[in-house]
Every structure is written in structure tokens, then in C-alpha cells.
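Each chain is listed here by its residues.
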Amino acid sequence: MGEELSRLYRIAPWPEDPYAEEGRKRYEAAKEEFSDLIKHDWLSELIQSREIVRLLDVCGGTGIGGVALARALRDVGKSVELTVLDLRRDALEVAERFGREELGEVSVVQGDATRLADLGLEADVCLVYGLATPHFNPWSMVKLMAGLADALVDDGLLIVEEADRVYTILYLRGYKEWLPERASEDRIFVTVHSGYDFRKGVFKRLGLELKSGEGPVPMEVHFWSLAGLMALAWPFFEDVDFVAERGRPWHGFVLAKNPRRKLSSPDFEKTPRTLEAN
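It should be emphasised that the depicted structure is a prediction, and the values quoted were computed from it without experimental measurement.

What follows concerns the environment of Phe253. With respect to the helices, strands and loops of the structure, Phe253 is situated in strand S11 (residues 248-259). A relative accessible area of 7% means that Phe253 is categorised as buried. Each C-alpha atom, one on Phe253 and one on Phe268, is 26 Å from the other, the two residues being 15 residues apart in sequence. Non-local contacts of Phe253, meaning those with residues more than four positions away in its chain, are made with Glu33, Phe34, Leu37, Tyr129, Ile159, Val160, Glu161, Asp241, Phe242 and Val243.

Here's what the structure looks like:
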């Protein structure tokens, strides 16, 4: 699974390299976003009660989101212990180097985000940055939410960068069987519809880089709505909020605080019968 994800990110036009111009711009923008977000009363109260904030960046990739939030916290005088978790070893190598340069110290863990309980990680704040939720179908999102809640302390806070893809992709843009995702002089990346899994709730697409001929790389994506994601977080957390980006009410940060501890990762170990047919 990690290898396929690495293949996809090698050819997809996602600005995750903090040493490239686009990636650096994304990092600087993230620092500004988090400088505003830490004024939210839930996050502000939590960090004021801590001398050291333990931050876990889940699906963290090259660490842009986690490092940016850590820098924003340091700017208000907080010490931060940052751990970046991802499936991709190549991305974590970048995160380790980038985190050391920006923060002086960072920990990286290679692992499956849906099996957080197996990793024994504990945090005050869990971050899922980089619009990563399409990688998780509704069944795996339940496992992810359970693991995130388990990893957080009792008054911990989950932060998820999210966009409403039901509105932006299925309504504003309209679902396309053949979609040019990015075209430039050096790269032409497209995705092509290859099927839909009704039990898992995922669109199957193939990613291809036309200039180099790389691909196809299979993708399974679920287009989350904001309400759908927040409602799914609610059984695992006592309260849920959304902070919208100015001018784009469909994009921003989902916040969920105080794990309920009514459901936990072991409750979802057994695969439901309906998925065994896949």
C-alpha cells in the first residue's frame, strides 16, 4: 500500500516538497493559517494548560502541516514535540530533514494511520493536514477516527484540514470520467474513471503522467462532505466545530475535542461481512 501511494505522489502534482517553490509557498501559507487557528478557544485553552504540546501529524507526508503548526505554537512561546506519521518512507525522510532544519528536532514513524493503536503513540493534538481524507473510505475513516481518539489525551484536540468535495467536485465541477488534474510544460497529469465500489463507497481512478508515460497508478477515493466527516467524528468526540477559510466556506479546519472513550480501535478489528466480498 505504501509503495502504491509513493508511486502516486511521484507523478501527481501535489506541492509537498518544502524545498521547491510551490511547496515552500504552501508551508508559509500553512503557518499563517495556523497562527489564526491557535486563537480558537479550544486550541488556545489546551495550549495554555501545557508547558510542552505533543503534536502528532497523521498522514503527515513531508511534514509541511505539522512543522507549520509547531512553528505557530513556538511563536506564542510553547515548546512542541512533533511526531510525523505516514506510510511513505521517502516522504518521511524529507519530513525528518525539514523538521530538523525548522524546529531542531522531529520524530518520524512509518505506519498505517488506521492502525494507530498498534503504534502506542499519545498526543495532546492530532493533526490531519493536506486534504488527505479522500484516501479513506467510510469504513476506514471509522477506524481512523477511533485511532485518533485513542491516541489523544482526555482533553485532546483533533484538527483536520478539509474541503467539501460533494459541493466542489460533484456539484461545482461535476464528476469527470477523464480529468486533466494539472498541465504544465514539464508535466501533464490526468486521472481516468475506472469503476465504483458500492460497498466501500469509493470511486476508482487511474492516475497517469502523459509526458513521461508513468502510470497508470490505481486510486480509490471517497468524496467527503464537511457534514459527513463532522458527523462521523461526533460519536468519538464530545464536540465538533468548523473554522472556514475566509471567502471559501467549503474549506477550512474541522476541530473535534475531548475523546468520548465509548468506542475504541479494538471495537473495529473485525472486518464487516459486507466488505469480505471485495
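Right, let's talk about the environment of Glu102 for a bit. Among the structural elements, Glu102 can be located in helix H5 (residues 89-103). Its relative accessible area of 18% is what places Glu102 among the buried residues. Considered as a pair, Glu102 and Tyr19 are 83 residues apart in the sequence and their alpha carbons are 12 Å apart. Residues contacting Glu102, with those up to four places away along its chain left out, are Arg24, Tyr27, Val67 and Arg71. A distance of 2.8 Å separates the side chain of Glu102 from the side chain of Tyr27, its partner in a polar contact.

Take the state of the cysteines next. Applying the stated criterion across every chain yields a total of zero disulfides. Not part of a disulfide, Cys59 finds its nearest cysteine sulfur in Cys126, a span of 11 Å. With relative accessibility at 0%, the residue Cys126 sits in the buried group.

Attention now goes to the sheet that holds S11. Across the sheet, seven strands lie side by side as S3-S2-S1-S4-S5-S11-S10; this open sheet has mixed pairing. Where the open sheet ends on each side, the last strands, each with one partner, are strand S3 (107-110) and strand S10 (237-245). Taking the axes of each pair of neighbouring strands and ignoring which way they run, one obtains an average angle of 20° across the sheet. Pairing between strand S1 (residues 52-58) and strand S4 (residues 123-128): four bridges, direction parallel. Bridged to Leu56 within S4 is Cys126. Set on the sheet, H5 makes contact with strand S2 (79-86) and S3; between it and S3 the angle comes to about 170°.

Enumeration according to the criterion identifies two cavities of 30 Å³ or more in this entry. Roughly 60 Å³ of volume is contained in the largest cavity. Together, Thr114, Arg115, Ala117, Asp118, Lys143, Ser265, Phe268 and Glu269 line the largest cavity. Grouping the amino acids of the lining of the largest cavity by side-chain chemistry returns two nonpolar, two polar and four charged. Its boundaries defined by the atoms lining it, the second largest cavity holds a volume of some 30 Å³. Around the second largest cavity sit Val128, Thr133, Met141, Leu144, Met145, Leu148, Val160 and Leu229, which together line it. Here the lining of the second largest cavity gets four residues from one element, more than from any other, and that element is helix H6 (residues 138-151). Per-class residue counts for the lining of the second largest cavity are seven nonpolar, one polar and no charged.

Here the focus is the packing of helix H4 (residues 64-75) against H5. At a closest axis distance of 10 Å, the pairing of H4 and H5 adopts a crossing angle of 15°. Our classification of the angle between H4 and H5 gives roughly parallel. Pair H4 / H5 crosses with right-handed handedness. Between H4, through Ile64, Val67, Ala70, Arg71 and Arg74, and H5, the contact on the second element is made entirely by Phe98, Gly99, Glu102 and Leu103. For the contact of H4 with H5, the per-class residue count stands at five nonpolar, one polar and three charged.

What counts and how
Residues numbered from 1 in each chain as written. Predicted model: local features only at pLDDT ≥ 70, side-chain atom pairs only at ≥ 80, totals over all residues. Heavy atoms only, no water. Helix = DSSP H or I, 4+ residues; strand = E, 2+ residues; numbered from the N terminus. Buried < 20%, exposed > 50% of the residue type's maximum accessible area, 1.4 Å probe, protein only. Contact = heavy atoms within 4.5 Å. Polar contact = N/O pair within 3.5 Å; in protein donor to acceptor, adjacent residues only side chain to side chain. Disulfide = S-S within 2.5 Å. Pairing = 2+ DSSP bridges. Axes fitted to C-alpha atoms, helices over the stretch in contact; angles between N-to-C directions. 1 Å grid on protein atoms, 1.4 Å probe; cavity = no way out; pocket = protein on both sides within 12 Å on 5 of 7 lines; lining within 4 Å. Points joined across faces, edges and corners; volume = space filled by probe spheres on them. Nonpolar A, V, L, I, M, F, W, Y, C, P; charged D, E, K, R; others polar. Parallel < 35°, antiparallel > 145°, perpendicular 65-115°, else oblique. Left-handed = near helix turned anticlockwise from the far one by under 90°.

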